[in-house]
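A structural walkthrough
Single-letter residue listing:
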Amino acid sequence: MILHIVARGRIGRSPEAELVDRYLKRIAWPTRVTELPDRGGKMPEIAPATRRIMLDETGKVLSSVEFARIMERWRDDGVREARFMIGAADGFDDAERAGADLLLSFGRATWPHMMARAMLAEQLFRATSILANHPYHREG
């Protein structure tokens, strides 16, 4: 299953970009990042067997293990792509939220979208590490 981050805004050369790169390089699963301008831009085609996950403050707050188990279930069910979407400053509208398979929140605090991208990359690495029984994640 490919882990695809589709994010509004350009991360450029920044400490956040370095974190994203560091974690994505450590993931054994295939990864992809698509950057779109804050408004407009062409959204990549959505292939069959894709799950759309939107980072949204109204979403579910999951533990790392819960998040890993969702990814495991999708992988085992033959999902080809997990598409993680990070919106611009105003987030997503109700119609976009309604089309998501999962609304995911990193807590009720508001995070800059560049930090959210780095946090997502780390959680993707952590989830794949949990599924591989790698010692990176320490429970408790």
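Here, every reference points to the structure presented above.
Summary of the structure given here. (Residues numbered from 1 in each chain as written. Predicted model: local features only at pLDDT ≥ 70, side-chain atom pairs only at ≥ 80, totals over all residues. Heavy atoms only, no water.)

Some thoughts on the side chain of Arg 117
Here Arg 117 shows up in helix α4 (residues 113-131). A distance of 2.8 Å separates polar atoms of two side chains, one belonging to Arg 117 and the other to Glu 35. Setting aside its immediate chain neighbours within four residues, Arg 117 contacts Ile 5, Ala 7, Arg 8, Gly 9, Ile 11, Val 20, Val 33, Glu 35 and Ile 86. (Helix = DSSP H or I, 4+ residues; strand = E, 2+ residues; numbered from the N terminus. Polar contact = N/O pair within 3.5 Å; in protein donor to acceptor, adjacent residues only side chain to side chain. Contact = heavy atoms within 4.5 Å.)

A short note on the pattern of salt bridges
If you walk through the whole model with that rule in mind, you get nine salt bridges. The shortest N-O distance in the salt bridge between Arg 97 and Asp 56 comes to 2.9 Å. In this pair, Arg 97 is assigned in helix α3 (residues 94-98) and Asp 56 in strand β3 (residues 50-61), connecting sequence segments 41 residues apart. For Asp 76, the salt bridge is made with Arg 75, and the minimal N-O distance between the two is 3.0 Å. Because the salt bridges share partners, they merge into one network encompassing Arg 10, Glu 35 and Arg 117. (Salt bridge = Lys/Arg side-chain N within 4 Å of Asp/Glu carboxyl O.)

Function-wise, these values are silent; they only describe arrangement.
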